[in-house]
Amino acid sequence: MASQAASSFNGNVKKALAGLRRINLEGLRWRVFDAKGQVLGRLASQISTVIQGKDKPTYTPNRDDGDMCVVINAKDICVTGRKLTDKVYTGHLKERTLKDQMAKDPTEVIRKAVLRMLPRNKLRAERDRKLRIFAGGEHPFGDRPVEPYEMPPRQVREMRPRARRALIRAQKKAEQQQQGGNDAKKGKKREQTAEVAA
Amino acid sequence: MKKKKVFNLAKGFRGRAKNCIRIARERVEKAQQYSYRDRRNKKRDMQSLWIQRINAGTRFHSVNYGNFMHGLMKENIQLNWKVLSELSMHEPLSFKALVDISRNAFLGNKNVVHPPRKVSIPVSV
C-alpha cells in the first residue's frame, strides 16, 4: 500500500496501517468521522452502528461487514457537564480522569467509548481493528476513496434554570471585569512583569 | 439398537460425548431439547433479523422502520417481512419505490431521520 507517498501525516504510519492485511477489505467503504465539536457518546454511538454494519441492508449477525471508520480530530471531542474532571477511567487499583487521559492519549477516549458500545462477542476484536482514530486532522489513508460521514442534527435541550443563572452571572462578571479593570489592573500587571523581566 | 441411534445423533460432539454412551446419551438428550426450543426460536430470530435489515434499508432513504411500516399498513400493502428484507437487500430500486409510497401515505415521514449522506448504495452480496 503506497500511502507513504500521500503522507503529510506526521504520526505513526506503521501503527495506522497495522493489521490491515487481516481485514478483508473488498467492498468496504472508508468513512471519515470528524470529531471536532462532537459530543463523545453520541459520536461513539454512530460510529458503533457503522462499524457493526447495521446501516447496510445486508447485515448478517454472524459475519462482520462493517465499514472502515477513520476518526480525525480526536483531541477536539467535547463532553457536557462536569465530565472533564469527574469521568474516571478505572484500571486495577488505578484511576485516571478524562482530563488526564486526554492529555496522555486522546484516541483512547474514543476507542474505549466505541468498544464498550459494541456487542461483546467474537467479532468485537475484528471490529476494533476496523476503527482507526487520529488525534490530529490528518490521516494517511488519503489515497483511498474516503467518504465523510454526516452526523445527524443534534437536539440540544434547554439549559436547566440553575445552570442558566450561573451562566448569566458569569457573563455579568466578565463584563464588569472588562469595564472596571481596563486601566487599573492591567497597568499594575504590566509593571510587575517588567520588574520580573528586568 | 438405541445405542446406535444415539451415536448417530452424537456425530461432531466434543470429546467423550461422541464416543462414550453414558455421556453421549446425556448430550444427545440435551441437543434434542435445544433443537425443540430453537425450532420455535428460529422464527423469532429470523423476524428480528428481517426487521433490522428493513430498518437499515429504510434509514438509507431517511425514513425509520416504524414510520415505514405504518405507512405500508395505511396503504394496505401486505408484503411480509421476509419479502421486504429481500427487496431491501437485492432490489434497491423497488425498495425505494416502496419507501416513497410509505412516505406519501403517512405524512409524519418527511425527514424523520437525517438526510442520507451522499454515498453510493451499499453493495449487496
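Cut-off values and rules
- Residues numbered from 1 in each chain as written.
- Chains lettered and ligands numbered in written order.
- Predicted model: local features only at pLDDT ≥ 70, side-chain atom pairs only at ≥ 80, totals over all residues.
- Heavy atoms only, no water.
- UniProt positions renumbered as here; feature names shortened; annotations may be inferred.
- Helix = DSSP H or I, 4+ residues; strand = E, 2+ residues; numbered from the N terminus.
- Buried < 20%, exposed > 50% of the residue type's maximum accessible area, 1.4 Å probe, protein only.
- Lys, Arg positive; Asp, Glu negative; His and termini not counted.
- Salt bridge = Lys/Arg side-chain N within 4 Å of Asp/Glu carboxyl O.
- Polar contact = N/O pair within 3.5 Å; in protein donor to acceptor, adjacent residues only side chain to side chain.
- Contact = heavy atoms within 4.5 Å.
- Phe/Tyr/Trp six-rings, centres within 6.5 Å; stacked < 30°, edge-to-face > 60°.
- Lys NZ or Arg CZ within 6 Å of the ring centre and 35° of its normal.
- Domains from an automatic or database assignment.
- Axes fitted to C-alpha atoms, helices over the stretch in contact; angles between N-to-C directions.
- Left-handed = near helix turned anticlockwise from the far one by under 90°.
- Nonpolar A, V, L, I, M, F, W, Y, C, P; charged D, E, K, R; others polar.

- As annotated in an unreviewed UniProt entry, chain B is 50S ribosomal protein L20 from Punica granatum.
- UniProt annotates chain B under Subcellular location (unreviewed entry) with the comment "Plastid".

- By the naming in an unreviewed UniProt entry, chain A goes by 50S ribosomal protein L13 and is assigned to Punica granatum.
- The heading Sequence similarities (unreviewed entry) in the UniProt record of chain A holds the text "Belongs to the universal ribosomal protein uL13 family."

### A few points about the side chain of Arg53 of chain B
And step 1. As for its placement among the helices and strands, Arg53 of chain B is situated in helix H2 (residues 21-60).
And step 2. Buried within the structure, Arg53 of chain B lacks any salt-bridge partner; its nearest side chain of opposite charge belongs to Glu86 of chain B, at an N-O separation of 5.1 Å.
And step 3. There is a polar contact of 2.9 Å between the side chain of Arg53 of chain B and the backbone oxygen of Tyr59 of chain A.
And step 4. The contact partners of Arg53 of chain B, leaving out residues within four places of it in the chain, are Pro57, Thr58, Tyr59 and Thr60 of chain A together with Ser85, Ser88 and Met89 of chain B.

### Some details on the packing of aromatic side chains
The description of an aromatic ring pair uses the distance of the two centres, along with the angle that the planes make with each other.
Residue and element names in this part refer to chain B.
And step 1. According to the stated counting rule, one finds two aromatic pairs over all chains in the structure shown.
And step 2. Measuring from ring centre to ring centre gives 5.6 Å for Phe68 and Phe95, while their planes differ by 55 degrees; the resulting arrangement is tilted. In this pair, Phe68 sits in helix H3 (residues 65-74) while Phe95 sits in helix H5 (residues 92-105), placing the two residues 27 residues apart along the sequence. As far as burial versus exposure is concerned, Phe68 and Phe95 are alike and both buried.
And step 3. In this structure, Arg40 packs its charged tip against the face of Tyr36, placed 3.9 Å from the ring centre.

### Observations concerning the domain arrangement of chain B
Put simply, an interface is often sized by how much accessible area is lost when its parts join up.
And step 1. Here chain B is partitioned into domain 1 (3-40) and domain 2 (44-109).
And step 2. The distance between the C-alpha centroids of domain 1 of chain B and domain 2 of chain B comes to 41 Å.

### Some points on unusual backbone geometry
And step 1. For Asn73 of chain A, which is not glycine, the phi torsion reads 60 degrees and is therefore positive.
And step 2. The residue Asn73 of chain A is located in the loop between strand S2 (68-72) and helix H3 (83-86) in this model.
And step 3. Look at Asn76 of chain B: it is not a glycine, yet its phi comes out positive at around 60 degrees.
And step 4. For Asn76 of chain B, the location among the structural elements is in the loop between H3 and helix H4 (81-90).

### Topic: the packing of helix H1 (residues 2-9) of chain B against H2 of chain B
Residues and elements named next belong to chain B.
And step 1. Contact geometry for H1 and H2: axes closest at 9 Å, N-to-C directions at 60 degrees. As H1 packs across H2, the resulting crossing turns out to be left-handed. Across the interface between the two elements, Lys2, Lys3, Val6, Phe7 and Leu9 of H1 pack against Ile21, Ala24, Arg25, Val28 and Gln32 of H2.
And step 2. In terms of residue class, the contact of H1 with H2 is made up of six nonpolar, one polar and three charged.

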